[in-house]
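# A closer look at the structure
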Amino acid sequence: MADALSVYLLDNYNITLTPEQKQAVEALDGPTCVISCPGSGKTTVTVIRLANLIVKGNVSPHQILALTFSKASAKDMNERFQSLFPTLAPHVKFSTIHSFAFHVIRHFEKITGSHYQFIESTAPSHINKKQLLSAIYLEQTERYLSDDEYETLTGQISLLKNLMISPSQTNEIKQYVEEEQALFIQIYRAYEAKKEAHHFLDYDDLLTTAFYILKNHDSLRNFYQQKYTHIQIDEAQDTSKIQYEFIKLLAAPLNNLFLVGDDDQSIYAFRGAYPKQLLDFKKTYPEATFIYLTDNFRSSKDIVDLSSRFISSNTERYPKEIKTPNPKGPLPILHHFQNEREQFDYLIEQLKQINNLNQVAILYRQNVSAISLIEHLERNQLPFCLQEGRISFFSHPIVKDIVAFFHLSLYPQDAEAFKRIAKVLYLSAATISAALSQTKNSYLDFLTQEVTFKTTFQQKKIRKFKLLLPKIITLPPRRAINYILDSLDYESYLVKKGFLKDEKERTYTQGIAIIETLKGIATETSDVHEFLNRLSHLYRLSHQNITSAQNAVRLLTFHASKGLEFDTVFLIDCMDGITPSSNALTQHLLKDDAEFEEERRLFYVAMTRARHQLYLLSISSKHNMIFDRSIFIKEVHKILNPNPQFQSNESTKRTLSGKKINDLKILPGSLVNLDDYTVGTLISHQQFGDGIITDREGEIATIQFHSSKQEKRISLKITVSNGNLTLKSS
C-alpha cells in the first residue's frame with residue numbers, strides 16, 4: 001500500500017492494517033480471492049483496496065465495476081467509502097449485480113432497436129408476473145392460483161433460474177421440486193415460452209438475459225470488457241451460478257477479478273447461492289492469488305476459539321486457523337430445559353439483569369419461534385425489536401387457512417375466507433366464480449344446492465363439510481383447531497401439499513411448528529373471537545415501530561443475523577430437527593452432507609454474532625414433540641469439555657430450573673408406559689405437588705395443581721421417566 005495512504009488512514013481514522021489486510025489492499029491486478037472470517041474488517045479492507053486501486057494503481061474510477069448482491073450492501077459500501085474517502089466518493093459507485101444487468105439490457109435495446117417488457121408487480125405495465133402465472137395455472141389446473149401457491153411457484157422458478165436449470169432439464173428440476181413435479185414442469189415450460197414469445201422479463205431474467213446477450217454479441221461483450229478493466233465482488237460466497245458465470249464473462253480476458261467472501265458463511269442455498277464456485281476459484285484461475293483474513297476483531301478469544309474449532313468439522317471449506325488479538329471473556333454458556341416455558345423464564349431472568357438491551361440479540365433458526373418469545377417479553381414488560389421488521393408466521397398459508405376456517409364458520413358469506421377454503425375443497429375456478437357472483441345463498445349453501453359436481457365423492461365431501469363447519473364456533477379454540485385438522489380433513493390437504501409428512505414418516509416440519517404455535521395461542525383463549533383478537537394483537541406487536549436507538553432486545557433469525565454483531569447473543573431452540581433440520585439430519589445419515597454442512601455454517605454464523613457473551617439454549621419438549629439436544633450443541637459441549645463426566649444413573653432426577661448441559665442426561669422416555677395417565681387421574685409432582693390431569697394430547701398432559709391453583713402442560717414421557725411425576729393413590 002502507498003505510504004501516503006497509510007499515513008492518511010492512521011492520522012485521520014487511527015486505522016492500522018494487519019499484514020494480511022495490507023496484502024489484500026495491495027492486490028490490484030489479476031484474479032484475487034480474499035477469504036475473510038467474521039469480524040475481520042472486510043468492508044473496510046474492500047473500500048480501502050478500491051481507493052488504492054485509484055490512487056496507486058492509476059485506474060480510473062469509471063473503469064472499476066464494484067458489485068454487491070443487495071441494495072443494503074451497496075448502500076453500506078457507499079457510506080463506508082464516503083466516510084473514509086470523501087474526495088474520491090463522488091467518482092465511485094457501488095451497484096447491485098441486478099441493476100448492472102438491467103443496464104446491459106437497456107444498452108442492448110438501444111443499439112439493436114429491440115424491446116423487453118419488465119413484468120414484475122412493481123413495473124408499470126398492463127400485465128405483470130402474477131397475472132401471467134395465474135393465467136397459466138388456471139389453464140393447466142382449472143383452478144385459481146392462490147397467493148401462497150404463487151409465492152411457492154416464483155420461489156422455485158427463481159432457484160432454478162439462478163442455478164441455470166432450464167424447463168427441459170426435468171431430472172435436474174426434480175432434485176429441487178418435491179411436490180407436484182409434473183404440474184410444476186408444465187407451468188415452468190409454459191411460463192418461459194410465454195415470456196420468450198412476448199419479450200417479457202422478470203427479476204431473475206435480468207441476469208440470464210444479460211448473460212446471454214453478452215455471450216452471443218461479441219461487440220457488446222468487448223465493449224464492457226474494455227470499459228471495466230477491474231471488477232470487485234463483495235460477499236462472493238452468496239453468488240449464484242448465473243451470477244458467477246456473468247461475472248466471469250465480464251472479467252475476461254484481463255481477469256482482474258477481486259472476490260471477497262467467506263466459504264464458512266455461505267448460508268443461502270435456498271436462494272441459489274453456489275459456494276462451490278468460490279471453492280473452485282483456483283481451478284478456474286490457476287494463477288489466482290489467495291489471501292486469508294483470519295483475525296477476528298469482534299469476539300472474545302473464547303468465542304473465536306470455540307467457533308473456529310466448530311466450523312472446522314466441515315469438509316467443503318478452505319482450511320484456515322481463525323484467531324483474535326482480543327482477550328478471553330466469559331465462557332459460552334449451555335443450558336438445557338424441560339420445556340419452552342422454562343427456557344423463556346431463564347431468558348427473562350437474564351435479560352432483566354442487563355442494562356443495555358440494545359446490545360442483546362435473541363436468535364432462532366425458525367421464524368415461528370418468535371411468536372411465543374414476544375408473548376413472554378410483552379408480559380414481562382421487556383422492550384423488543386424485530387430486526388426483520390415482521391414475522392412471516394402471520395403470512396404463512398396454514399395461519400391464513402386456519403383463520404379462514406374460523407371466519408367462514410362465523411360469517412358464511414365472507415368472500416376472502418371462502419376463496420381460501422375453496423382450495424382445500426379443490427373447487428374449480430368456474431365453481432368459485434359462480435359462487436362468488438351470486439348473492440342469494442351463502443357460499444356453502446350454493447355449492448350444495450346449485451352445483452352438480454363431476455363425482456359423487458366430491459358432492460358428498462362438500463355436503464359433509466357444510467354440515468360440520470358450524471361446529472367450529474361452539475368449541476374451545478384449541479379443540480377447534482384439532483377439529484379442523486381431523487374432522488374437516490385439513491390435515492390430509494397439508495400432507496398432500498408437503499407441509500406435513502405422512503403419519504408413517506412424521507417428522508418435525510415447519511407445518512407442525514405453525515400448527516402447534518397456533519394451538520399454544522388458542523390454549524390461552526376461551527372462544528373464537530378472543531383467539532382471533534389475540535392473533536391480531538400479536539401481529540401488531542410484531543410490527544411495532546421501535547427505532548434502532550431505543551433500548552430494546554433484538555429478535556431475529558439466524559439468517560437475518562449475518563453481518564450484525566452484539567455484546568450478548570442467545571441462541572434458542574437448539575435441538576435436532578430444528579438446527580440442524582430434520583432433512584439435513586436424514587441426509588447426513590445417508591452420507592450426503594451438503595445440506596448438513598450448510599446448517600453447520602448457519603449455526604456458526606449465529607454463534608459469531610456475539611462479541612462477549614454467548615448462550616446456547618435447548619429444550620426437551622416443544623410443540624407436542626420430544627427433542628434431543630442439537631448435534632451441534634453436543635459438538636460445542638465436547639469442545640468446551642474434552643473429558644465430559646455425564647451422569648449415567650437412569651434414576652437420577654432432573655430439576656425444572658434448567659441446568660447446565662453437562663449435568664443432564666435425557667432418559668429414554670419412549671420406554672415408559674403412560675396408559676394409566678388418563679384425564680381425571682390424580683398425580684404427584686416432585687416440584688408442584690399434587691394435581692389432576694384435566695386434558696391430554698399424546699404424551700402432553702395438562703395438569704391442574706392443587707397448591708398453586710395453576711394449570712401446566714407437561715411432557716409425560718420426560719417427567720415420568722425421570723421420576724418427577726408419579727401416580728397418586730386415591
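Calculation notes
- Residues numbered from 1 in each chain as written.
- Predicted model: local features only at pLDDT ≥ 70, side-chain atom pairs only at ≥ 80, totals over all residues.
- Heavy atoms only, no water.
- UniProt positions renumbered as here; feature names shortened; annotations may be inferred.
- Phe/Tyr/Trp six-rings, centres within 6.5 Å; stacked < 30°, edge-to-face > 60°.
- Helix = DSSP H or I, 4+ residues; strand = E, 2+ residues; numbered from the N terminus.
- Buried < 20%, exposed > 50% of the residue type's maximum accessible area, 1.4 Å probe, protein only.
- Expected span 1.5 Å × (residues − 1).
- Contact = heavy atoms within 4.5 Å.
- Core = buried A, V, L, I, M, F, W, Y, C linked by side-chain atoms within 4.5 Å.
- Axes fitted to C-alpha atoms, helices over the stretch in contact; angles between N-to-C directions.
- Parallel < 35°, antiparallel > 145°, perpendicular 65-115°, else oblique.
- Left-handed = near helix turned anticlockwise from the far one by under 90°.
- Nonpolar A, V, L, I, M, F, W, Y, C, P; charged D, E, K, R; others polar.
- Salt bridge = Lys/Arg side-chain N within 4 Å of Asp/Glu carboxyl O.
- 1 Å grid on protein atoms, 1.4 Å probe; cavity = no way out; pocket = protein on both sides within 12 Å on 5 of 7 lines; lining within 4 Å.
- Points joined across faces, edges and corners; volume = space filled by probe spheres on them.
- Pairing = 2+ DSSP bridges.
- pLDDT = per-residue confidence, 0-100.

As recorded by an unreviewed UniProt entry, the chain carries the name DNA 3'-5' helicase and is attributed to Turicibacter faecis. Under the heading Sequence similarities (unreviewed entry), UniProt records this for the chain: "Belongs to the helicase family. UvrD subfamily."

## Description of the packing of aromatic side chains
One pair of aromatic rings is described through two measures. These are the centre distance and the angle between the planes. This model, assessed by the stated rule, comprises 34 aromatic pairs. Their ring planes at 55 degrees and their centres at 5.9 Å tell us that Tyr426 and Tyr493 sit as a pair that is tilted. Pair noted here: Tyr426 is in the loop between α19 (415–424) and α20 (429–437) and Tyr493 is in helix α24 (residues 490–496), with a separation of 67 residues, a long-range link. With a relative accessible area of 3%, Tyr493 lands in the buried category. Their ring planes at 85 degrees and their centres at 4.9 Å tell us that Tyr508 and Phe627 sit as a pair that is edge-to-face. In this pair, Tyr508 sits in the loop between α24 and α25 (510–523) while Phe627 sits in the loop between β15 (625–626) and α29 (631–640), placing the two residues 119 residues apart along the sequence. Its relative accessible area of 5% is what places Phe627 among the buried residues.

## Topic: helix α7 (residues 147–162)
With 16 residues, α7 ought to run about 22 Å at 1.5 Å a step, and its terminal C-alpha atoms sit 22 Å apart, in line with that. α7 sits mainly inside the fold: 12 of its 16 residues count as buried. Looking only at α7, the buried set comprises Asp148, Glu149, Tyr150, Leu153, Thr154, Gln156, Ile157, Ser158, Leu159, Leu160, Lys161 and Asn162. Downstream of α7 by a residue or two, Met164 has a phi angle that is positive, lying close to 60 degrees.

## Structural notes on the UniProt feature "binding site: ATP" (unreviewed entry) in the chain
UniProt tags Ser36, Cys37, Pro38, Gly39, Ser40, Gly41, Lys42 and Thr43 as "binding site: ATP" (unreviewed entry). Locating Lys42 in the fold gives a position in helix α3 (residues 42–55). With respect to the element layout, Thr43 can be found in helix α3. Other than its neighbours up to four places away in sequence, Thr43 contacts Asp76, Met77 and Arg80.

## A word on the environment of Arg390
Of note, Arg390 is situated in the loop between β11 (384–386) and α18 (397–410). For Arg390, a relative accessible area of 47% translates into the label partly exposed. Taking the C-alpha atoms as reference, Arg390 lies 9.5 Å from Asn367; in sequence the two are 23 residues apart. Dropping the residues within four chain positions of it, Arg390 is found in contact with Asn367, Ser542 and His543.

## Structural notes on the nonpolar core
Residues Phe393, Phe405, Phe406, Tyr490, Leu518 and Leu555 are the most contacted members of the largest nonpolar core, which totals 84 residues. In terms of residues, this core owes the most to one element, α18, which gives 8 residues. Contacts of Phe405, omitting those with residues within four sequence positions, involve Ile421, Val424, Phe465, Leu469, Ile472, Ile484, Leu488 and Tyr490. Listed in part, the 39 residues of the second largest apolar core include Ile97, Phe100, Leu207 and Phe281.

## As for the packing of helix α5 (residues 97–112) against helix α11 (residues 218–227)
Across the interface, α5 lies against α11 with an axial gap of 12 Å and an inter-helix angle of 135 degrees. When the axis of α5 is compared with that of α11, the two are oblique. Here the hand of the crossing between α5 and α11 comes out right-handed. Of the residues in α11, those touching α5 at Phe100, His103, Val104, His107, Phe108 and Ile111 are Leu220, Phe223 and Tyr224. Along the lines of polarity and charge, the residues of the contact of α5 with α11 split into 7 nonpolar, 2 polar and no charged.

## Here's the deal with the packing of α19 against α20
Closest axis-to-axis distance for the α19/α20 pair is 11 Å, and the angle between their directions is 160 degrees. One way to sum up the angle between α19 and α20 is to call them roughly antiparallel. The crossing of α19 and α20 is right-handed. Counting all contacts with α19, which are made through Ala415, Phe418, Lys419 and Ala422, the residues of α20 involved are Ile432, Ala435 and Leu436. Along the lines of polarity and charge, the residues of the contact of α19 with α20 split into 6 nonpolar, no polar and 1 charged.

## Section: the pattern of salt bridges
Within the structure shown, the criterion is met by 48 salt bridges. The partner of Lys423 in a salt bridge is Asp148, and the shortest N-O contact between them spans 2.9 Å. On the criterion of sequence distance, the pair formed by Lys423 in helix α19 and Asp148 in helix α7 is long-range, its members being 275 residues apart. By relative accessible area, which is 8% here, Asp148 ends up buried.

## Structural notes on the layout of surface pockets
Empty space within the second largest pocket amounts to approximately 1200 Å³. Taken together, 45 residues make up the lining of the second largest pocket; nearest its centre are Arg341, Thr523, Glu524, Lys712 and Arg713. With 7 residues, helix α16 (residues 340–351) is the single largest residue contributor to the lining of the second largest pocket. Across the lining of the second largest pocket, the residue classes tally to 11 nonpolar, 17 polar and 17 charged.

## Let's talk about the sheet that holds strand β6 (residues 230–233)
Across the sheet, 6 strands lie side by side as β3-β2-β6-β7-β1-β8; this open sheet has parallel pairing. Because the sheet does not close on itself, it has two edges, and the strands there are β3 (94–96) and β8 (289–293). Geometrically, the sheet is characterised by an average inter-axis angle of 20 degrees between neighbouring strands, direction not taken into account. With 3 bridges joining them, strand β2 (residues 64–68) and β3 adopt parallel strand pairing. Paired with Leu67 across the strands is Ser95, a residue of β3. Strand contacts of helix α12 (residues 241–251): β2, β6 and β7 (257–261), with the helix running at about 160 degrees to β6, the strand carrying the most contacts.

## Regarding the confidence of the model for the chain
For the chain, the mean per-residue pLDDT works out to 89, and 93% of the residues sit at or above 70. Across the chain, the element-wise mean pLDDT spans from 34 in strand β16 (residues 659–660) up to 98 in strand β13 (residues 566–571).

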